[in-house]
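Structural description and commentary
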Amino acid sequence: MTKGWRFEGNELKYIREVLDNGFRAGVDGAMTERVEALFAEKFNLPFAVAFNSGTSTLHAALAAFRIGPGDEVIIPNLSPIMCGIAPVFCGATPVYADVGWDDFLMDPNDVRSKITKNTKAIMPVHLYGQVCDMEAIMALAKEFDLMVLEDCAQCYLGLDAKGRVGGTIGDVGSWSYEASKHLVAGEGGMIACQNETLAEDIRKFGGIGFANLTARSGKVRIDRDKFQNPDWQRHDRVGFNYRMSELTGAVALAQTERIHELVELRIEAGIGYRDLLANSELLKSQHLPVGAVNSCFTFAARFDGVDLGISWNEFRLAFISNGGDGIYAAWQLIGDEPALADDGIGWGETPIAKKLQRRIMQFTSNQCDVVEREVQYDALSKTLRQFGDKI
Ligand SMILES: Cc1ncc(COP(=O)(O)O)c(C=O)c1O
């Protein structure tokens, strides 16, 4: 692999600018301001707020929804634990919804069955790069007057069946710049939304509650005469320091400039795997509705080989020995992780997610070009044939 290809844009130039400016805003503004403005433009949303992770974004969004003790937030059980931690940070209860056997995503029918008088919000997670059934989820939100937080940590520019971009449909969208994501800044997060009050609340929550933060501006030192006055009261809220650093902002800005190119590479990788598995008996691709686009954070498939007595790990080891990168398993269901399960935090049976979790296989989609991708496809087709699949 060409070393460093992922960071061959303006990353170093912008890092240099941050250092040369001594971490003060340059003539084009602070890096975090610049990445926010660019992100808002790319997603066609008026407000974007840069954070230090795609977990703190979830916390801030739920806090801005005024979620607190006694409230319930419905999340898919098949998802990373960060989605469960965010409601817990707010003192609320995560309620686990089941997922679809074919699309692996939050099942709106099961969400409906989990709504109680305490439900305040739904958190669809666009897992593996694919947008959930937002039409059904938004209809539920309307019917029961619930807020919707779209977790797009794994989904950049994925489209639902109606061609809408994931993260722009609910009340708030949340993204991550963690090291494995479509856009990488080491760590980092972004929140974007339509609503100015929500955006200001979110920024203040993640910006230590400085009084002069607004939906659009992260500047805290605006008026020198006020700021240097001993009588100046700086904070009108209680908030965390969840801000994105300028160095992270430099890398995030350069990556966001290349969003279409970087996402397209993963989409293409996914199309290749999907074509390969079109007639497979052993591996079923994540079902994609007509008209939708899966942005393919990883390529996810259900391993039905277990029904034929082939073990998950046996298949994985064969894939690796055939030259494949490796196969990632699904995380434990959120409600089964000891961090929550040991204290009995959360509720909601999810039989499909439980069965599916043992079968999910995630293949890498972060290759730099078609040559790299072919190595994975060859290894996979060889492995499938080895186990008798007539692909
Ligand atoms: C679906 C999902 N939500 C939230 C997160 C949290 O993002 P971060 O690692 O930036 O905190 C991740 C990533 O790790 C994720 O995959």
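Residues numbered from 1 in each chain as written. Predicted model: local features only at pLDDT ≥ 70, side-chain atom pairs only at ≥ 80, totals over all residues. Heavy atoms only, no water.

**Describing the pattern of salt bridges**
Condition: Between Lys or Arg on one side and Asp or Glu on the other, a salt bridge is scored when a side-chain nitrogen of the former is within 4 Å of a carboxyl oxygen of the latter. Here a helix means four or more residues in a row that DSSP labels H or I, a strand means two or more in a row labelled E, and each is numbered from the N terminus.
Per the stated rule, a full pass over the model turns up 24 salt bridges. With a shortest N-O distance of 2.6 Å, lysine 114 and aspartate 110 are connected by a salt bridge. One end of the pair, lysine 114, and the other, aspartate 110, are both in helix 5 (residues 108–114), four residues apart, so they sit about a helical turn from each other. Residues joined in a network through salt bridges with shared partners are Asp102, Arg302, Asp304, Asp307 and Arg359.

**A closer look at the site of the ligand**
Operational definition: Any residue with a heavy atom positioned within 4 Å of a molecule or strand is treated as near that molecule or strand. Polar contacts here mean pairs of N or O atoms no more than 3.5 Å apart (in protein, one a potential hydrogen donor and the other a potential acceptor; neighbouring residues in sequence count only if both atoms are side-chain atoms). Each accessible area value is a Shrake-Rupley result obtained with a 1.4 Å probe; residue values ignore everything except the protein chains displayed when judging cover. Under the scheme applied here, ten amino acids are nonpolar (Ala, Val, Leu, Ile, Met, Phe, Trp, Tyr, Cys and Pro), four are charged (Asp, Glu, Lys and Arg), and all others, including Gly, are polar.
Within the structure, the ligand sits among 14 residues, and Gly54, Thr55, Asp151, Ser176 and Lys181 are positioned closest to it. Between an oxygen atom of the ligand and a main-chain N or O atom of glycine 54, the distance comes to 2.7 Å. At a separation of 2.9 Å, an oxygen atom of the ligand approaches a polar side-chain atom of lysine 181. Taken by itself the ligand offers 380 Å² of open surface, and the protein chains cover 92% of this. Residue composition of the shell around the ligand, by class: five nonpolar, six polar and three charged.

**Quick word on the sheet that holds strand 10 (residues 360–363)**
We count it as follows: At least two DSSP bridges between two strands are required for those strands to pair. To get an axis, fit a line to the C-alpha atoms, keeping to the stretch in contact for a helix; angles then go from 0 to 180 degrees between the N-to-C directions.
On the basis of which strands lie adjacent, the open sheet formed by three strands has the order 8-9-10 and antiparallel pairing. Because the sheet does not close on itself, it has two edges, and the strands there are strand 8 (283–285) and strand 10. Averaged over neighbouring strand pairs, the angle between their axes works out to 35° when direction is ignored. Relative to strand 9 (residues 299–303), strand 8 runs antiparallel, the two sharing three bridges.

**Some points on a nonpolar patch on the surface**
The cut-off we apply is this: Patch membership needs two things, relative accessible area over 30% and no salt bridge, and members are linked within 9 Å if like-charged or within 5 Å if nonpolar (Val, Leu, Ile, Met, Phe, Trp, Tyr). The rule is simple: take the accessible area with a 1.4 Å probe, protein chains only, and divide by the maximum for that residue type; under 20% is buried, over 50% is exposed, in between is partly exposed.
A cluster of nonpolar side chains, contributed by Leu19, Phe23 and Leu247, occupies part of the molecular surface with about 260 Å² of accessible area. Its location among the elements puts leucine 247 in helix 9 (residues 246–257). In this structure leucine 247 comes out as partly exposed when scored by relative accessible area, which is 33%.

**What about the sheet that holds strand 4 (residues 119–122)?**
With respect to topology, seven strands assemble into an open sheet ordered 1-7-6-5-4-2-3, the strand pairing being mixed. Of all strands in the sheet, those bounded by a partner on one side alone are strand 1 (47–51) and strand 3 (93–97). Taken pair by pair, the neighbouring strands of this sheet meet at an average axis angle of 25°, ignoring direction. Across five bridges, strand 2 (residues 72–76) lies against strand 3 in parallel orientation.

**What to know about the nonpolar core**
Which entries qualify depends on this criterion: Here, nonpolar core refers to any group of buried Ala, Val, Leu, Ile, Met, Phe, Trp, Tyr and Cys residues whose side-chain atoms link them within 4.5 Å. The source of the domain bounds is an automatic or database domain assignment. For this analysis, residues touch if any pair of their heavy atoms sits within 4.5 Å.
Counting residues in each nonpolar core, the largest one holds 95 residues, and the members touching the most others are Phe39, Leu62, Leu78, Met123, Tyr156, Val172 and Tyr177. It is helix 3 (residues 56–64) that provides the largest number of residues to this core, a total of six residues. Lining this core are residues from two domains, each supplying at least three of them: domain 1 (7–259) and domain 2 (260–386). For valine 172, the residues in contact, after removing those within four places along its chain, are Ala61, Phe65, Val148, Leu149, Glu150, Gly167, Ile191, Ala192, Cys193, Leu198 and Ile202. With 21 residues, the next largest nonpolar core counts Ala301, Phe303, Phe363 and Ala379 among its residues.

**Comments concerning the packing of helix 11 (residues 312–321) against helix 14 (residues 370–386)**
Keep this limit in mind: An angle below 35 degrees is read as roughly parallel, one above 145 as roughly antiparallel, one from 65 to 115 as roughly perpendicular, and any other as oblique. A crossing counts as left-handed when the near helix is turned anticlockwise from the far one by less than a right angle, and as right-handed when that turn is clockwise.
Orientation of helix 11 relative to helix 14, taken along the N-to-C sense of each, is 130°, at an axis distance of 8 Å. In terms of orientation, helix 11 lies oblique with respect to helix 14. The chirality of how helix 11 crosses helix 14 is right-handed. Residues Phe315, Ala318 and Phe319 of helix 11 form the contact with helix 14, whose own contacting residues are Gln376, Ala379, Leu380, Thr383, Leu384 and Gln386. Its residues assigned to classes, the contact of helix 11 with helix 14 comprises six nonpolar, three polar and no charged.

**What to know about the domain arrangement of the protein**
Formally: Accessible area that two parts lose when put together, with a 1.4 Å probe and added across both, is what the buried area reports.
For the protein, the assigned domains read domain 1 (7–259) and domain 2 (260–386). Inter-centroid distance (C-alpha atoms) of domain 1 to domain 2 is 26 Å. Listed as interface residues are 47 residues of domain 1 and, on the opposing side, 49 residues of domain 2. Each partner contributes to the roughly 4000 Å² buried at the junction of domain 1 and domain 2, and carbon and sulfur atoms together form 63% of this total. By the criterion of area lost to domain 2, the three top residues of domain 1 are Tyr96, Trp101 and Tyr128, representing 21% of everything that side buries. Taken together, domain 1 and domain 2 are joined by two salt bridges. The residue arginine 302 makes a salt bridge to aspartate 102 at a minimum N-O spacing of 3.0 Å. At the boundary of domain 1 with domain 2, the tally comes to 30 residue pairs in polar contact (both at pLDDT 80 or more). Of all elements in the fold, only strand 2, helix 4 (82–89), strand 3 and helix 5 reach the threshold of two or more residues within the side of domain 1 that touches domain 2. For the side of domain 1 that touches domain 2, the element with the highest residue contribution is strand 3, accounting for five residues.

**Regarding helix 14**
In plain terms, the rule: Take the number of residues in a helix, subtract one, and multiply by 1.5 Å to get its expected span.
With 17 residues, helix 14 should cover 24 Å at 1.5 Å per step; its first-to-last C-alpha distance of 24 Å lies within 8% of that length. Within helix 14 the residues assigned to the buried category are Arg373, Gln376, Tyr377, Ala379, Leu380, Ser381, Thr383 and Leu384. Buried-residue contacts for helix 14 involve helix 10 (259–276), strand 8, helix 11 and strand 10. Its side-chain oxygen placed 3.2 Å from the backbone nitrogen of valine 371, aspartate 369 serves as the N-cap of helix 14.

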